[in-house]
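One-letter residues, chain by chain:
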Amino acid sequence: MEVYRELAALREALGAARGDGREVALVPTMGALHAGHIALVEAARRPGACVVASIFVNPKQFGANEDLSRYPRKEMGDITMLTDAGCDILWLPPVEAMYPEGFATNISVAGVSEGLDGAARPGHFDGVATVVAKLFNQVRPARAYFGEKDFQQLAVIRRMVADLDFDIDITGVPTQREDDGLALSSRNVYLLPEERQKAVALPRALGVAARAILGGGEAAKALADATAALTAAGFAVDYVSLVDAETLAPEPAPGRRRQLLAAARIGHTRLIDNLSVDPLS
Ligand code: AMP
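Throughout this description, residue numbers start from 1 for each chain and increase along the sequence as written. Since the coordinates come from a predicted model, pLDDT governs what is reported: local features require at least 70, and pairs of side-chain atoms require 80 or more to be given and counted, while whole-chain, interface and lining totals use all residues. Working from all heavy atoms in the structure, the side-chain values ignore hydrogens and water.

1. Observations concerning the pairing of strand 2 (residues 23–29)
Okay, step 1: The cut-offs for exposure are 20% and 50% of the maximum accessible area for each residue type, with area from a 1.4 Å probe on protein chains only; residues under the lower value are buried, those over the upper are exposed, and the others partly exposed. For the purposes of this entry, the term helix denotes a DSSP run of H or I that reaches at least four residues, the term strand denotes a run of E that reaches at least two, and both are numbered from the N terminus. Burial analysis of strand 2 places six of its seven residues in the buried class, which makes it a mostly covered element.
Okay, step 2: Here, strands pair whenever DSSP counts at least two bridges between them. Examined bridge by bridge, strand 2 and strand 3 (residues 49–55) share seven bridges and lie parallel to one another. Bridge pairing in strand 3 links valine 24 to cysteine 50.
Okay, step 3: Note on handedness: a clockwise path from strand one over the helix to strand two, with the strands aimed away from the viewer, defines a right-handed crossover. At this point the chain moves from strand 2, through helix 2 (residues 35–44), to the parallel strand 3, and the crossover so formed is right-handed.
Okay, step 4: Inspection of the sheet shows strand 2 paired to strand 5 (residues 143–147) by two bridges, in the parallel sense. Opposite leucine 26, over in strand 5, you have alanine 144 as the bridge partner.

2. Points about helix 1 (residues 7–19)
Okay, step 1: Its 13 residues give helix 1 an end-to-end C-alpha distance of 18 Å, which sits within 8% of 18 Å, the value for a rise of 1.5 Å per residue.
Okay, step 2: Turning to helix 1, its buried residues are Leu10, Ala13, Leu14 and Ala17. Around the axis of helix 1, the buried residues are gathered within 95° of arc, so they sit on the same side. In helix 1, the exposed positions angled more than 90 degrees off the buried face are occupied by Ala8, Glu12 and Gly19.
Okay, step 3: Between two residues, a contact is recorded if the distance between any of their heavy atoms is within 4.5 Å. Against the buried residues of helix 1 lie strand 1 (2–4), strand 2, strand 3, strand 4 (89–91) and helix 6 (124–139).
Okay, step 4: Trailing helix 1 by a residue or two, glycine 21 shows a phi angle of about 85°, which is positive. A helix is expected to span 1.5 Å for every residue after the first. Within this analysis, the arc is defined by the directions that extend from the helix axis to the C-beta atoms.

3. What about the sheet that holds strand 7 (residues 236–244)?
Okay, step 1: Strands sit in the order 7-8-9 across an open sheet of three strands; the sheet is antiparallel. Only two strands of the sheet have a single neighbouring strand rather than two, namely strand 7 and strand 9 (269–276). Adjacent strand axes in the sheet meet at a mean angle of 10° when their direction is disregarded.
Okay, step 2: Two elements, strand 7 and strand 8 (residues 258–266), share eight bridges in a ladder whose sense is antiparallel. Following the sheet pairing, valine 237 is matched in strand 8 by alanine 264.
Okay, step 3: Each of strand 7, strand 8 and strand 9 touches helix 9 (residues 201–214); the most contacted strand, strand 9, lies at about 25° to it. Note on method: axes are straight lines fitted to C-alpha atoms, helices fitted across the in-contact stretch only, with angles between N-to-C directions ranging 0 to 180 degrees.

4. With respect to the nonpolar core
Most often, soluble globular proteins keep nonpolar side chains buried together rather than apart.
Okay, step 1: Core analysis: the largest hydrophobic core is formed by 46 residues, its most contacted members being Val52, Phe136, Met160 and Ile170.
Okay, step 2: Domain assignment of the residues forming this core places at least three in each of domain 1 (2–173) and domain 2 (186–274).
Okay, step 3: Each residue touching valine 52, except ones within four places of it in the same chain, is listed here: Leu14, Val24, Ala25, Leu26, Val27, Cys87, Ile89, Trp91 and Val139.
Okay, step 4: Residues Leu202, Ala205, Ala210 and Val277 belong to the second largest nonpolar core, which totals 24 residues. The criterion is simple. A nonpolar core is a set of buried Ala, Val, Leu, Ile, Met, Phe, Trp, Tyr and Cys residues joined through side-chain atoms within 4.5 Å. These domain limits were set by an automatic method or by a database of domain assignments.

5. Considering the site of the ligand
Okay, step 1: Nearness is defined per residue: one heavy atom within 4 Å of the molecule or strand is enough. Near the ligand, the surroundings consist of 17 residues, among which His37, Gly147, Asp150, Gln176 and Leu184 are the closest.
Okay, step 2: Polar contact is the term for a pair of N or O atoms within 3.5 Å; when the atoms are in protein, one must be able to donate a hydrogen and the other to accept it, and sequence-neighboring residues count only if both atoms are side-chain atoms. Within the contact set of the ligand, an oxygen atom lies 2.6 Å away from a side-chain nitrogen or oxygen of aspartate 150.
Okay, step 3: The contact in question runs from a nitrogen atom of the ligand to an N or O atom on the backbone of glutamine 176, over 2.9 Å.
Okay, step 4: Burial of the ligand by the protein chains amounts to 93% of its free accessible area of 490 Å².
Okay, step 5: Of all elements in the fold, only strand 2, helix 2 and strand 5 reach the threshold of two or more residues within the shell around the ligand.
Okay, step 6: Examining the composition of the shell around the ligand, we find that three residues originate from one element, helix 2, more than from any other. Method for areas: the Shrake-Rupley scheme with a 1.4 Å probe, in which residue coverage is limited to the protein chains shown.

Below is the structure:
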């Protein structure tokens, strides 16, 4: 795997790959990689592909009181994992190169960015959209891969790509989970052992709610029951919501795909998860 920290060198390598007829596929990450990230790399690896992973802990998507300074960083381990996964190129831009003095542009995707995590984390999705637009222009991939784990983020990216005519095919990759159902996340390392045990309540509560709604139960009751179950397990609940899977609007219309999304804090750690409520999925 080739590792680049300078945009000119990255562009030269990508130009050569394109010249050889290879199709560039991008997997953006913030590092501290786990099997969820590797599932994106594996999805991106197709015959003739040049798979580029990026690692950039993007300061613009962290709020003032969030975990930017203590966000886990493990570059050597990440390089080994990506190499083993068959990634071709790692793009590691320095923060000064991404946001040089005078940087003034902000990309804000209205509507889909506004509720749920957008309400709980003001400015977060502007930071995500802005950095992903930059990565798209730096790498100019034909395809890009994002996890369904960050369901709202995926919806924001899809909206931005459609609105700004990025000629990039976006693929959402299903959430990879631990054996007990907890979604893999770089932030799971924050969990104390007893918090880790309790954390399984999050996927469980979503599963129970999804089954209740699919079985014809009233959505409001299913959401209230999930909130109560999470609270009983020791979580402080930010939201448990049933939304339109594309627009993320609350109270999805009949016939639309629906998604259950939740965010809740256990100790100092904020976890998110989501589940489809779609008989076909
Ligand atoms: P992050 O490093 O947390 O910014 O995540 C980078 C990419 O990996 C995003 O597209 C995430 O949605 C995706 N991702 C993170 N965790 C998982 C998971 N458990 N399963 C699938 N994709 C994931």
